[in-house]
Amino acid sequence: MKRVFLAMVIALISMSAMAQSQGDKALGFNVSYGTDIKNVGVGVKGQYMFTENVRAEASFDYFFEKDDTNMWDINANFHYLVPVADKVRFYPLVGLGIVSFYDSLTDATVKLCLNAGGGIQYKLADDLAIGAEAKYQIINRHNQLVVGIGVALDL
């Protein structure tokens, strides 16, 4: 049974139906929810494929004001893409970010954060994908889970 499971895992990882090549780029946008700020945000992202399975992503998110507080973040994350079906890929992610909180009572607070999480994407067309992602941002006293949905267009 273990050998069958191992063979299935190897077959899934080696699938290339949605293969992307080194140097491929994508641009996208997303809608997110942050659990610390307890509000919705919007963002943009740029992606670059280093290999068929390793992708870097730079992103900027702005969370709307709530209770006189707003937040933005800039992130640099790495994804390891694992094909799980014909048009579906799962990815764990790790990265770093800069987060800024601002409220009307105090000055802006800027902090470094560590990102860890994962996501899934579905290819709608050769150059268009939709996805969902959850990442935990480890920030001094402001840790939060950020969940989001988005779309990316290959350039």
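In what follows, the structure referred to is the one given above.
Residues numbered from 1 in each chain as written. Predicted model: local features only at pLDDT ≥ 70, side-chain atom pairs only at ≥ 80, totals over all residues. Heavy atoms only, no water.

## What about the side chain of Glu133?
Argument step 1. Within the element layout of this structure, Glu133 appears in strand β8 (residues 128–138).
Argument step 2. Of the side chains with opposite charge, Lys135 comes closest to the buried, unpaired Glu133, at an N-O distance of 4.4 Å.
Argument step 3. A distance of 2.7 Å separates a polar atom in the side chain of Glu133 from a polar atom in the side chain of Tyr91.
Argument step 4. Setting aside residues up to four positions removed in sequence, Glu133 forms contacts with Glu57, His79, Tyr91, Leu93, Gly118, Gly119, Val146, Val147 and Gly148. (Helix = DSSP H or I, 4+ residues; strand = E, 2+ residues; numbered from the N terminus. Buried < 20%, exposed > 50% of the residue type's maximum accessible area, 1.4 Å probe, protein only. Lys, Arg positive; Asp, Glu negative; His and termini not counted. Salt bridge = Lys/Arg side-chain N within 4 Å of Asp/Glu carboxyl O. Polar contact = N/O pair within 3.5 Å; in protein donor to acceptor, adjacent residues only side chain to side chain. Contact = heavy atoms within 4.5 Å.)

## Considering the pattern of salt bridges
Argument step 1. Counted by the stated rule, this structure contains one salt bridge.
Argument step 2. With a closest N to O distance of 2.8 Å, Lys123 and Asp154 form a salt bridge. Of this pair, Lys123 sits in strand β7 (residues 106–125) while Asp154 sits in strand β9 (residues 144–154), and the two are 31 residues apart along the sequence.
Argument step 3. Residue classification places Lys123 among the buried positions, given a relative accessible area of 9%.

## Quick word on the nonpolar core
Argument step 1. Counting residues in hydrophobic clusters, the biggest one holds eight residues: Ile37, Phe63, Met71, Val99, Phe101, Cys113, Ile139 and Val146.
Argument step 2. Not counting residues within four places of it along the chain, the set of residues in contact with Val99 comprises Met71, Trp72, Asp73, Thr109, Val110, Lys111, Cys113, Gln137 and Ile139. (Core = buried A, V, L, I, M, F, W, Y, C linked by side-chain atoms within 4.5 Å.)

## Quick word on the pairing of strand β3 (residues 54–66)
Argument step 1. As paired strands, strand β2 (residues 39–49) and β3 are joined by nine bridges and run antiparallel to one another. Residue pairing across strands places Lys45 opposite Ser59, the latter belonging to β3.
Argument step 2. The antiparallel pairing of β2 with β3 creates a hairpin that spans four residues between the two strands.
Argument step 3. The pairing of β3 with strand β4 (residues 69–80) spans 11 bridges and is antiparallel. Following the sheet pairing, Ala58 is matched in β4 by Ala76.
Argument step 4. Counting the residues in the hairpin turn of β3 and β4 gives two residues, including Asp67, whose phi is positive at 55°. (Pairing = 2+ DSSP bridges.)

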